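Next come the chains, spelled out residue by residue.
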Amino acid sequence: MRQGILLYGPPAAGKDTITAVLTELDARYVPFTRLKIGTGRTQGYRMGTPEQLAALETRGDVIYRNDRYGNIYVVDRPGLDQAMEGGKTPVVHLGQMAGMEQVTALYPAHWVRVLLWCSKETTARRSPQRGDTDTAARLAAWDATQADLAAHPRAQWELRVETDGTAPHETAQNIDDIVRTTPPRS
């Protein structure tokens, strides 16, 4: 069965950092690059057009779409198919429980769900350090993520990590251990 990792958490919780360590740990881990329609940061995204989005929607290939920071971010079936080629394990970053639910429901795979969390103060400190020019929007997204998580108290996680006090390598190793040993959910 195909495998994937879903990293959920607020902005600057360490999703990029953990993903980088996972890819160093094992070559089968690959970052999933979401399709982005809009402006701003392009690194870590496949930049697309409104026409490409419309074509994906027409074919039913949009698994999850969210609009944030004036842009559209998409988890798409062709993108996941490509990321899983050759037995690769994509690492998908999400900040909305609806995205977690959509991906696990609409894309058959053994998904390992990981909650990465940090304090709002940590997001405020890390955001400008990583080059964000819209830290106020990132802090608003932190609030939205906290409310979203609180609205889903029964969410199931294979791992929960407070990234304020856990080293990225330790987190990545724990995720790798889970991927290797956790049987798929029925």
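First things first, this report covers the structure right here in the doc. Source: prediction; values computed, not measured.

1. Details of the sheet that holds strand E4 (residues 45–47)
Backbone-to-backbone hydrogen bonds join strands into a sheet, with any given pair of strands oriented parallel or antiparallel. The strand order across the open sheet built from 4 strands is E4-E3-E6-E5, with neighbouring strands paired in mixed fashion. Strands at the two margins of the open sheet, each flanked by one partner only, are E4 and strand E5 (62–68). Each strand axis lies, on average, 30° off the axis of its neighbour in the sheet, ignoring direction. Sheet analysis places strand E3 (residues 34–37) next to E4, joined by 3 bridges and oriented parallel. Following the sheet pairing, lysine 36 is matched in E4 by methionine 47. Across the sheet, helix H4 (residues 97–106) is in contact with E5 and strand E6 (71–76); its angle to E5 comes to roughly 165°.

2. A closer look at the sheet that holds strand E1 (residues 3–8)
The parallel open sheet is built from 5 strands, whose spatial order is E2-E7-E1-E8-E9. If you trace the sheet from one side to the other, it starts and ends with strand E2 (29–31) and strand E9 (159–162), each paired once. The mean inter-strand angle of the sheet, taken between neighbouring strand axes irrespective of direction, is 25°. Summarising the sheet, strand E8 (residues 110–117) and E9 pair through 4 bridges and their orientation is parallel. In the sheet register, leucine 115 faces E9, and the bridge partner there is arginine 160.

The rules we used
- Residues numbered from 1 in each chain as written.
- Predicted model: local features only at pLDDT ≥ 70, side-chain atom pairs only at ≥ 80, totals over all residues.
- Heavy atoms only, no water.
- Pairing = 2+ DSSP bridges.
- Helix = DSSP H or I, 4+ residues; strand = E, 2+ residues; numbered from the N terminus.
- Axes fitted to C-alpha atoms, helices over the stretch in contact; angles between N-to-C directions.
- Contact = heavy atoms within 4.5 Å.

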